[in-house]
Amino acid sequence: MAQVALILGAHGRFGRHAALTFAHAGWEVRRFDRKVDTLAEAAIGVDVIVNGWNPAYPDWPRLLPELTNQVIAAARQSGATVVLAGNVYVFGPTTPSPWSETSPRAATNELGRLRIAMEAAYREAGVRTILLRGGDFLDVEASGNWFDRMMIPALHRGIFTYPGDPEIPHAWAYLPDFARAAEALAAKRAELPEFCEVPFPGFTLSGAEMCRALGHVTGRRLTLRPMSWLPLRLASPFWPMARRLLEMRYLWTTPHALDGSRLARLLPEFQFTPLEAALASAIPSGLVRR
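Residues numbered from 1 in each chain as written. Predicted model: local features only at pLDDT ≥ 70, side-chain atom pairs only at ≥ 80, totals over all residues. Heavy atoms only, no water.

Colleague: Can you walk me through the side chain of T161 in this structure?
Modeller: Within the secondary structure, T161 sits in strand 7 (residues 159-162). Relative accessible area serves as the criterion here: at 18%, T161 is assigned to the buried category. Those residues in contact with T161 that sit more than four places away from it in its chain are M150, M151, R225, P226 and M227. (Helix = DSSP H or I, 4+ residues; strand = E, 2+ residues; numbered from the N terminus. Buried < 20%, exposed > 50% of the residue type's maximum accessible area, 1.4 Å probe, protein only. Contact = heavy atoms within 4.5 Å.)

Colleague: For this particular structure, what's the right way to read the sheet that holds strand 2 (residues 28-31)?
Modeller: Strand pairing within a sheet occurs via backbone hydrogen bonds; the two strands may be parallel or antiparallel. Across the sheet, which stays open at both edges, the six strands sit in the order 2-1-3-4-5-9 with parallel pairing between neighbours. Looking along the sheet, the strands with just one partner apiece sit at the ends: strand 2 and strand 9 (195-199). Within the sheet, the average angular offset between the axes of one strand and its neighbour, ignoring direction, is 20°. By the bridge criterion, five bridges tie strand 4 (residues 81-86) to strand 5 (residues 129-133) in an arrangement that is parallel. (Pairing = 2+ DSSP bridges. Axes fitted to C-alpha atoms, helices over the stretch in contact; angles between N-to-C directions.)

Colleague: Which parts of the structure should I look at to understand helix 4 (residues 110-125)?
Modeller: An α-helix turns once per 3.6 residues; consequently, residues spaced three or four apart project the same way. For helix 4, which comprises 16 residues, the first-to-last C-alpha distance of 22 Å matches the rise-based estimate of 22 Å (1.5 Å per residue) to within 8%. Residues of helix 4 that are buried: L111, G112, L114, R115, I116, M118, E119, Y122 and A125. Of the surrounding elements, those touching the buried residues of helix 4 are strand 3 (48-51), helix 3 (60-78), strand 4, strand 5, strand 9 and helix 9 (240-247). Just downstream of helix 4 lies G126, where phi reads positive at about 80°. (Expected span 1.5 Å × (residues − 1).)

Colleague: Explain the pattern of salt bridges here, please?
Modeller: As a working rule, side chains carrying opposite charge can pair if their charged atoms are close by. Evaluation of the coordinates by the stated rule reveals 13 salt bridges. Salt-bridge contacts for R189 lead to D47; the nearest nitrogen and oxygen are separated by 3.8 Å. Of this pair, R189 sits in the loop between helix 6 (175-187) and strand 9 while D47 sits in the loop between helix 2 (39-42) and strand 3; the two residues are 142 residues apart in sequence, bridging distant segments of the chain. The partly exposed category is assigned to D47, whose relative accessible area is 27%. In this structure, the salt-bridge partner of D177 is R180, at a minimum N-O distance of 2.9 Å. Of this pair, D177 and R180 are both found in helix 6, three residues apart, which corresponds to roughly one turn of the helix. You can call D177 buried: its relative accessible area is 2%. Here the residues in one salt-bridge network are R105, E119, R123, R133 and E197, joined through shared partners. (Salt bridge = Lys/Arg side-chain N within 4 Å of Asp/Glu carboxyl O.)

Colleague: Help me out: how do you make sense of the environment of R157 in this one?
Modeller: As for its position among the elements, R157 is in the loop between helix 5 (146-151) and strand 7. Residue R157 is classed as exposed on the basis of its relative accessible area, which comes to 57%. Placed 44 residues apart in sequence, R157 and R113 show a C-alpha to C-alpha distance of 39 Å.

Colleague: Would you take a moment to explain the nonpolar core for this structure?
Modeller: Note that soluble globular proteins tend to have their nonpolar side chains buried in a common cluster. Grouped together as the largest cluster of nonpolar side chains are 72 residues, with contacts concentrated most on I49, F147, M151 and M210. A total of eight residues in this core trace back to one element, the largest contributor, which is helix 3. Discounting residues that sit within four places of it in the chain, M210 has contacts with L138, F147, M151, F160, W172, L205 and L279. (Core = buried A, V, L, I, M, F, W, Y, C linked by side-chain atoms within 4.5 Å.)

Note that all results are geometric; they support no functional claim without further evidence.
In structure tokens form, the structure reads like this:
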């Protein structure tokens, strides 16, 4: 009998990949539809709730606690394990790298503190939770993330735009790999602690290293140009999203990596997609060297 996974946010970045990956692994996948479903009813009889809900930054103060409480209540009622995509926002600019499950939660900005509170709610709720923590996403289609919206729009002109210090390491999570790790951990949930936080190392790259790798993938000589933050600063008094993006700017000036030792212990057979193959799938196909 197939295990059942309920996917919240199945059309979003993580949720979309999770739905495909869990189905490919033999799970019965149910995609939650906010228009017709209620979470309490949808969670009945499921083994895992994959939480891919991620409201827009300006809505986090209002929606994040509310959605967290809903998922916890549904998991408590159904006995399901929650699989949660974590990010690096809980760490501050003074947190020593590499960041691991034992690193102090030192974020002082509002978005970071909201994520700290969200994770604490799951930890204290007594529901089985798997928190897989990754860096910035690399997706196989344009989904409005930093990479496709800010960094590669001018790649066809030989320009790679980078929003931070191009010489310091930055953590990236290739979404197909991230979803595979989430499914593999969900499959062995009975062996894990009630609250199990697992950093996902993905790729650790400086901007210069990513530029060189993209040069190999495209067969072009790329120029790395710094992204100007001035338009966001000018828009911030009128555009809430700009204020939130500026709030997270420190992640582009703080060297960081995610410690992969726990993932390696739990999933010793896990294979990561090679960097250039991941980048080739993350840029328009017409730019990939043939």
